[in-house]
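Each chain, letter by letter, is given below.
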Amino acid sequence: MKITNWAIFFICIFVPFYLIMDFRTGDQKTALALSDQYSATLHTAVQDASQMLNMNVLQEYEAGYQSKKFFFANKERALDTFFRTLYLNFDIVNDPVRQGTLSGYIPAVAVIDYDGYDVYAVDEYRDANGERVFKHMWRPKKPYSYSDNRGNSINFTLDSYVYAYDAYTKAWVEGFREDLAGTTNIPLLDNAADFELMRKSVIVKSIQQDLAYYINKHNEYATRYGIHYTFKLPQISQEQWINSIDDIGIMAFIQGIPIGDQFYNNYALGGGRLVKKTEIKGAVDPATGIKYYYPSTCSYGYREDETFSSEKDAAAAGYFPKGCMNR
């Protein structure tokens, strides 16, 4: 066979393969660029929305409460800001049809409030004509509820404040766990470590279960509107879940947007207010043997033996306050 025939044979076999691979690479680059763009848009929208959570629903909640985390988040303003930012970045501010299409790829938005959480998801109802209608709406707020085998129940919050029912006395009590310890017949309130583990577990599991339910429920709505994708709660690390319940915040999910032969799926978390606590250090003065506590921003050259989250905890451990002298 002549060399020219071999060349023609090579071209016929490998050039189409090369072109297909080139197109495939181009599609992947486009998909990657779009994915990055969508991720930036989603995170920006969630961050903008989280800032609106700083505005209490009612003015009387602005002050007068002992807890720094007490806040009735303004979920309506947060949600409005979330969608406004999305529409702006997708360039569909004045296009209600495309806005409706985009909302079909948003199975759930959750607002983590001080004493419970709200989920914004598609629900079904009957209109005036008896027709089934699917529409995004807020579901009723759910508390972070726990009950033990003695019939006691506790509604947790994002800190140690609780609303608890003592089954033995048949009475409701409320306050910080540390203040209620030893005053009720609820064992969980008497152990700080067990209480904190249970509090975090209840909050995370409650939010997880509801989000999984509503995101799965979204499949019925999506199918009716021609979205061929199976929506489900993505895998989120336990560390991220724990971090997300440190303060009020918002979680949003976007799934199933087609980009080439792939689908865009992502979620974003945004905190309304990050309360930065200064650690309290406990140390012993080697000259006198006296145990002192002071903010971690202070320095005395002591060997620091313990770290506390509050001055109250340090004092309870037998340490005395010491004035700050920064060096």
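Residues numbered from 1 in each chain as written. Predicted model: local features only at pLDDT ≥ 70, side-chain atom pairs only at ≥ 80, totals over all residues. Heavy atoms only, no water.

A.B. asks: When you look at the overall build of the protein in this model, what are you seeing that I'm missing?
C.D. replies: Helix and strand counts for the protein stand at seven helices and 13 strands. Per-residue burial over the protein gives 40% buried out of 327 residues. Excluding contacts between residues fewer than 6 apart, the proportion of contacts in the protein whose partners are at least 24 apart in sequence is 56%. Surface summary for the protein: the accessible area is close to 18,900 Å², and the carbon and sulfur share equals 54%. (Helix = DSSP H or I, 4+ residues; strand = E, 2+ residues; numbered from the N terminus. Buried < 20%, exposed > 50% of the residue type's maximum accessible area, 1.4 Å probe, protein only. Contact = heavy atoms within 4.5 Å. Areas by Shrake-Rupley, 256 points an atom, 1.4 Å probe, with all protein chains shown as cover.)

A.B. asks: Teacher, can you tell me more about unusual backbone geometry here?
C.D. replies: A negative phi holds for most residues other than glycine; trans holds for most peptide bonds. Positive phi, normally seen in glycine, also occurs at aspartate 91, with a value near 60°. Aspartate 91 sits in the exposed class, given a relative accessible area of 64%. Here lysine 170, not a glycine, exhibits a phi torsion of approximately 55°, which is positive. Position of lysine 170 relative to the elements: it lies in the loop between β6 (161–166) and β7 (171–176).

A.B. asks: So what exactly am I meant to see when it comes to the environment of glutamate 178 here?
C.D. replies: Inspection of the secondary structure puts glutamate 178 in helix α4 (residues 177–180). Under the relative-accessibility criterion, glutamate 178 is labelled partly exposed at 37%. Between the alpha carbons of glutamate 178 and leucine 189 there is a distance of 7.7 Å; along the sequence they are 11 residues apart. Excluding its chain neighbours within four sequence positions, the residues that come into contact with glutamate 178 are Ser160 and Lys312.

A.B. asks: Mind showing me how you'd approach the side chain of serine 39 here?
C.D. replies: Looking at where serine 39 falls in the secondary structure, it is placed in helix α1 (residues 3–52). For serine 39, the contacting residues outside a window of four places in its chain are Tyr264 and Asn266.

A.B. asks: Honestly, the layout of surface pockets in this entry has me stumped. Any pointers?
C.D. replies: Picture a little ball the size of a water molecule; that probe, rolled over the atoms, points out where space is still empty. In this model, the second largest pocket occupies a volume close to 190 Å³. Only α6 (238–244), β8 (249–259) and β9 (262–271) provide two or more residues apiece to the lining of the second largest pocket. Classifying every residue of the lining of the second largest pocket gives six nonpolar, six polar and two charged. (1 Å grid on protein atoms, 1.4 Å probe; cavity = no way out; pocket = protein on both sides within 12 Å on 5 of 7 lines; lining within 4 Å. Points joined across faces, edges and corners; volume = space filled by probe spheres on them. Nonpolar A, V, L, I, M, F, W, Y, C, P; charged D, E, K, R; others polar.)

A.B. asks: Explain the packing of aromatic side chains here, please?
C.D. replies: Here a ring pair, both rings aromatic, is described through the centre-centre distance and the interplanar angle of the planes. Taken as a whole and judged by the stated rule, the model has 17 aromatic pairs. An aromatic cluster of three or more residues is present, and its members are Phe82, Phe83, Tyr87, Tyr120 and Trp138. A cation sits over an aromatic face here: lysine 75 above tryptophan 138, 5.6 Å from the ring centre. Residue placement shows arginine 177 over the ring face of phenylalanine 195; its charged tip is 6.0 Å from the ring centre. (Phe/Tyr/Trp six-rings, centres within 6.5 Å; stacked < 30°, edge-to-face > 60°. Lys NZ or Arg CZ within 6 Å of the ring centre and 35° of its normal.)

A.B. asks: Is there a simple way to explain the pairing of β9 in this structure?
C.D. replies: When a strand is regular, its side chains alternate between the sheet's two faces. In terms of strand pairing, β8 meets β9 through nine bridges, oriented antiparallel. What sits directly across from phenylalanine 253, in β9, is tyrosine 267. Hairpin connection between β8 and β9: a loop of two residues separates the two successive antiparallel strands, and glycine 260 in this loop has a positive phi of roughly 70°. (Pairing = 2+ DSSP bridges.)

A.B. asks: Looking at this model, I keep getting lost on the pattern of salt bridges. Mind explaining?
C.D. replies: Two side chains with opposite charge may pair up if their charged atoms get near one another. Under the criterion given, the structure shown has nine salt bridges. Across the pair glutamate 124 and arginine 132 runs a salt bridge, and its minimum N-O distance is 2.6 Å. Judged by relative accessible area, glutamate 124 falls into the partly exposed class, the value being 30%. If you follow the salt bridges from partner to partner, you end up with Glu124, Arg132, Lys217 and Glu220 in one network. (Salt bridge = Lys/Arg side-chain N within 4 Å of Asp/Glu carboxyl O.)

A.B. asks: Would you mind going over the nonpolar core with me for this structure?
C.D. replies: For soluble globular proteins, the rule of thumb is that nonpolar side chains tend to be buried together. Ranked by internal contacts, the top residues of the largest apolar core, which has 67 residues, are Phe82 and Ile207. Judged by nonpolar contacts, the second largest core, of six residues, contains Tyr294, Cys298, Tyr300 and Tyr302. (Core = buried A, V, L, I, M, F, W, Y, C linked by side-chain atoms within 4.5 Å.)

A.B. asks: What am I meant to see in the confidence of the model for the protein here?
C.D. replies: If pLDDT is low for a region, its predicted coordinates should not be looked at in detail. Model confidence for the protein is summarised by a mean pLDDT of 81, while 80% of its residues fall at 70 or above. When pLDDT is averaged over each helix and strand of the protein, the minimum, 68, is found for α1 and the maximum, 97, for strand β5 (residues 153–156). Every residue in residues 57–65 is under pLDDT 50, and counting partners more than four places away or in other chains gives 11 contacts. Segment residues 273–277 is flagged for pLDDT under 50; beyond a separation of four residues in sequence, or across chains, it makes 11 contacts in the model. (pLDDT = per-residue confidence, 0-100.)

A.B. asks: Help me understand the pairing of strand β10 (residues 280–284), please; the structure alone is not making it clear to me.
C.D. replies: Summarising burial for β10: four of the five residues are buried, a large majority. Counted between consecutive antiparallel strands, the loop separating β10 from strand β11 (residues 291–295) contains six residues, among which glycine 289 sits at a positive phi close to 80°. Two elements, β10 and strand β12 (residues 304–308), share four bridges in a ladder whose sense is antiparallel. Among the inter-strand pairings, alanine 283 is bridged to a residue of β12, identified as glutamate 304.

A.B. asks: What exactly am I supposed to notice about the sheet that holds β12 here?
C.D. replies: Adjacent strands of a sheet form backbone hydrogen bonds with each other and so pair up, either parallel or antiparallel. Pairing is mixed in the open sheet, where four strands are placed in the order β12-β10-β11-β13. A strand with exactly one partner marks an edge of an open sheet, and here the two such strands are β12 and β13 (320–321). Examined bridge by bridge, β10 and β11 share five bridges and lie antiparallel to one another. By the bridge assignment, glycine 282 is partnered in β11 with tyrosine 293.

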